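What follows is the residue order along each chain.
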Amino acid sequence: MGEAIFCRKGVSAKNMADGYAIISVRYPAMSDCRCEKGGCAYTVKKGTGASAFAVSESGTWTVTISDGTHTNSGSVNISAAGEIKNMQIGYSFSPVSGETALLSSGSGLASGYSLCGNARMSGNAIRETGDGGFWLSPAVDLSGYSRVTVSGVLQSAASTQSILRVGSTTDKVYNLVQTPERAVSWSGFIGLEGSVTLDVSALNGTYYIGSALVGNNLEITGIVLS
C-alpha cells in the first residue's frame, strides 16, 4: 500500500493556504526515499516502493532515493493546492565496484550474451515484441551475487505479470505455467523510467534471467548483478 507523509505548514510566504498538494513516488523497494525543499525534508526509511508526500509549500521539491550503494533523484514543481504529481525514480546503471552489467544504456548487452524469445534490441535497450517475454543466453552464474536489478520504461498499461524472472530452466523464465525460483512484478507510470530489484542471495549456480511470455510493455534499459 505504501507510505503517506504529511509535510506540515511553516511560516514561508509560499505556503498554500488552501491545503496540500500530493507528490506520489514509486521507487525500488527497501530504498530510503527523501522529499525536500529548502529546509523542509521528510524521509521514509526502507520504503515499500510507493510513497505519497502531502506538501503545503509551492515551488520545486526534490525526491532522492538511496539503497546504501546507489543514489538517484528527481524534482517536481508544485504550484497549487490539490495538485497530484507522479514520479518514478530508479537507479543509474553505471556499475560500481562489485557489480556486473548484463545490459546497460551505454553499451547494450554484455559481450558473450544473446537475446532469446519475443524481444529485440532497440539501440542499447531490449524491446519486447508480440506477446513479449525473453531470456538471456547463456545462463548466468549468480554465486556471490545478492541482487538482480532491472531498469526500464513502461510503454503502455502496467503489466500484472512478473517482469523479472530468474529460473533454472528457460521454461521457468519464459513460460507462466512454470514457477521460477525468483520473480517480481513491475509497477510504475507510463513513460517514466524506474527499476525493480530481486533478492537472489540464496541462489548459487547458473540461472536464466528474463521475463515471461506476456505483454509486459517495457523497454528495458539495464540489467545489473550486485
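Residues numbered from 1 in each chain as written. Predicted model: local features only at pLDDT ≥ 70, side-chain atom pairs only at ≥ 80, totals over all residues. Heavy atoms only, no water.

### Remarks on the overall build of the protein chain
A count of helices and strands for the protein chain gives one helix and 21 strands. Burial statistics for the protein chain: of 226 residues in total, 43% are counted as buried. The contacts in the protein chain between residues at least 6 apart in sequence include a share of 67% that link residues at least 24 apart. Of the roughly 10,300 Å² that the protein chain leaves accessible, carbon and sulfur atoms contribute 48%. (Helix = DSSP H or I, 4+ residues; strand = E, 2+ residues; numbered from the N terminus. Buried < 20%, exposed > 50% of the residue type's maximum accessible area, 1.4 Å probe, protein only. Contact = heavy atoms within 4.5 Å. Areas by Shrake-Rupley, 256 points an atom, 1.4 Å probe, with all protein chains shown as cover.)

### Focus: the confidence of the model for the protein chain
When pLDDT is averaged along the protein chain, the result is 84; 85% of the residues meet or exceed 70. Below pLDDT 50 for its whole length, residues 9-13 participates in seven contacts with residues either more than four positions away or in separate chains. (pLDDT = per-residue confidence, 0-100.)

### Remarks on the packing of aromatic side chains
Under the criterion given, the structure shown has one aromatic pair. For the ring pair W135 and Y174, a centre distance of 5.1 Å and an interplane angle of 70° mean the geometry is edge-to-face. Linking W135 in strand β14 (residues 134-137) with Y174 in helix α1 (residues 170-174), this pair joins segments that are 39 residues apart in sequence. Here W135 and Y174 have matching classes, each one buried. (Phe/Tyr/Trp six-rings, centres within 6.5 Å; stacked < 30°, edge-to-face > 60°.)

### As for the side chain of K37
Position of K37 among the secondary structure elements: in strand β3 (residues 32-37). Looking at K37, its side chain comes within polar contact range of the side chain of E57, at 2.5 Å. (Polar contact = N/O pair within 3.5 Å; in protein donor to acceptor, adjacent residues only side chain to side chain.)

### Side note on the pairing of strand β12 (residues 119-122)
Here β12 runs beside strand β13 (residues 125-128); their pairing, made up of four bridges, is antiparallel. Each bridged residue has a counterpart across the sheet, and for M121 the counterpart in β13 is I126. Hairpin connection between β12 and β13: a loop of two residues separates the two successive antiparallel strands, and G123 in this loop has a positive phi of roughly 65°. (Pairing = 2+ DSSP bridges.)

### Let's talk about the sheet that holds strand β4 (residues 40-44)
What holds strands together in a sheet is hydrogen bonding between their backbones, with the strands either parallel or antiparallel. Pairing in this open sheet of four strands is antiparallel, and the strands run β4-β3-β6-β7 from one edge to the other. Of all the strands in the sheet, the pair left with one neighbour each is β4 and β7 (71-78). In this sheet, adjacent strand axes meet at a mean angle of 20° when their direction is disregarded. Pairing analysis gives five bridges linking β3 to strand β6 (residues 59-66), with the strands arranged antiparallel. Within the sheet, the bridge partner assigned to E36 lies in β6 and is T62. (Axes fitted to C-alpha atoms, helices over the stretch in contact; angles between N-to-C directions.)

### Some details on the nonpolar core
Within the largest apolar cluster, 26 residues are counted, with the highest numbers of intra-cluster contacts made by I126, L142, V148, V166, I209, I220 and I223. Taken together, the elements giving at least two residues each to this core come down to β9 (100-104), β14, β16 (147-154), β17 (162-167), β19 (193-199), β20 (206-211) and β21 (218-225). It is β21 that provides the largest number of residues to this core, a total of four residues. Excluding residues within four positions of it along the chain, I126 makes contact with L103, L115, A119, R120, M121, F134, L136, L218, E219, I220 and I223. C35, Y42, W61 and V76 belong to the second largest nonpolar core, which has 18 residues in total. (Core = buried A, V, L, I, M, F, W, Y, C linked by side-chain atoms within 4.5 Å.)

### With respect to the layout of surface pockets
Volume-wise, the largest pocket comes out at about 510 Å³. Sorting the residues of the lining of the largest pocket by element identifies β16, β18 (182-185) and β19 as the ones contributing at least two each. No other element matches β19, which puts four residues into the lining of the largest pocket. (1 Å grid on protein atoms, 1.4 Å probe; cavity = no way out; pocket = protein on both sides within 12 Å on 5 of 7 lines; lining within 4 Å. Points joined across faces, edges and corners; volume = space filled by probe spheres on them.)

### Concerning the pattern of salt bridges
Counted according to the given criterion, the structure contains six salt bridges. Residues R147 and D67 are paired through a salt bridge, measuring 3.2 Å at the closest nitrogen-oxygen approach. Of the two residues, R147 sits in strand β16 while D67 sits in the loop between β6 and β7, which places them 80 residues apart along the sequence. Exposure remark for R147: the relative accessible area of 23% places this residue in the partly exposed category. Owing to a relative accessible area of 22%, D67 belongs among the partly exposed residues under this scheme. Across the pair R127 and E219 runs a salt bridge, and its minimum N-O distance is 3.6 Å. Here R127 is found in strand β13, whereas its partner E219 is found in strand β21, with 92 residues between them in sequence. (Salt bridge = Lys/Arg side-chain N within 4 Å of Asp/Glu carboxyl O.)

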